[in-house]
Amino acid sequence: MAKLDVKIVDAPYNVVPTIVCKVDDYTTSSSTQILAGEPVKLSAAGGNVVVKLATGDPEIGTDIVFGIAASDDTATATADGEVEVYAPLPGIIYRCKATTPANLAEGIRYDTVCFDLSAGGDYTIDEDEGTDEDVHGLRIVDFDATNGTVDFEIKINATRYGALIA
């Protein structure tokens, strides 16, 4: 697991608001602790807790992104907890490492892609996934081939805000 895999690098707001979300205990959720900088989604349609995004998330019409964790969650193996999450508002630009930095090239700009989650718990952007506007919930807006990073936005129809207006 790595802390701060995803960072906010630009926002058209003085302060990016946070939301306090509920998290199931790790026994119920079969999950590990949500760390600051990890993306989270609603656990299920009609769910009332958040969980980490998986490889291939977010998918439009399936996942509702709640944002990027601003804190580590407070759950334990036996007790539910909370996590503070940065709201995924329009215009916020995030940065994350690329899954395969050698693939970073002009052809990926504005592609829509998803996250990869390694066995070690590290999030990367799957820049080589191939764009799919109707399915993938992240839009690449820039990249840095030298540092192996991708700047992206969360598409509004992949968020809880998009779900409210869609």
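Everything below is about the structure shown above.
Not measured: the values here are computed from a predicted model.

S.K.: Before we go on, may I ask you to explain the nonpolar core in this structure?
M.R.: A general trend in soluble globular proteins is that nonpolar side chains are found buried together. Counting residues in each nonpolar core, the largest one holds 38 residues, and the members touching the most others are Val50, Val83, Phe115, Ile125 and Phe152. Of all the elements in the fold, those that place two or more residues in this core are strand 2 (18-23), strand 3 (39-42), strand 5 (65-69), strand 6 (81-86), strand 7 (93-97), strand 10 (123-125), strand 11 (138-144) and strand 12 (149-154). In terms of residue count, strand 5 provides more of this core than any other element does, four residues in total. What valine 83 contacts, discounting residues up to four positions off in sequence, is Ile19, Val20, Cys21, Val23, Ile34, Val50, Ala69, Ser71, Asp72 and Asp73.

S.K.: Mind showing me how you'd approach the sheet that holds strand 12 here?
M.R.: Sheets are built from strands that pair by backbone hydrogen bonding, the pairs being arranged parallel or antiparallel. The strand order 1-7-12-11-8 describes an open sheet built from five strands, whose pairing is antiparallel. Sheet topology places strand 1 (7-10) and strand 8 (112-113) at the edges, where each strand pairs with a single neighbour.

S.K.: Looking at this model, I keep getting lost on unusual backbone geometry. Mind explaining?
M.R.: The bulk of non-glycine residues show a negative phi, and the bulk of peptide bonds are trans. The amide bond that connects aspartate 57 to the next residue, proline 58, takes the cis arrangement and shows omega of 0°. Along the polypeptide, proline 58 turns up in the loop between strand 4 (50-52) and strand 5. Positioned with a positive phi, leucine 4 is a non-glycine residue whose angle comes to about 65°. Here leucine 4 lies in the segment before strand 1. The exposure class assigned to leucine 4 is partly exposed, which follows from its relative accessible area of 44%. With phi around 75°, tyrosine 110 is a residue other than glycine that occupies positive phi space. Within the fold, tyrosine 110 resides in the loop between strand 7 and strand 8. The class of tyrosine 110 is exposed, set by a relative accessible area of 51%.

Procedures and definitions
- Residues numbered from 1 in each chain as written.
- Predicted model: local features only at pLDDT ≥ 70, side-chain atom pairs only at ≥ 80, totals over all residues.
- Heavy atoms only, no water.
- Core = buried A, V, L, I, M, F, W, Y, C linked by side-chain atoms within 4.5 Å.
- Buried < 20%, exposed > 50% of the residue type's maximum accessible area, 1.4 Å probe, protein only.
- Helix = DSSP H or I, 4+ residues; strand = E, 2+ residues; numbered from the N terminus.
- Contact = heavy atoms within 4.5 Å.
- Pairing = 2+ DSSP bridges.

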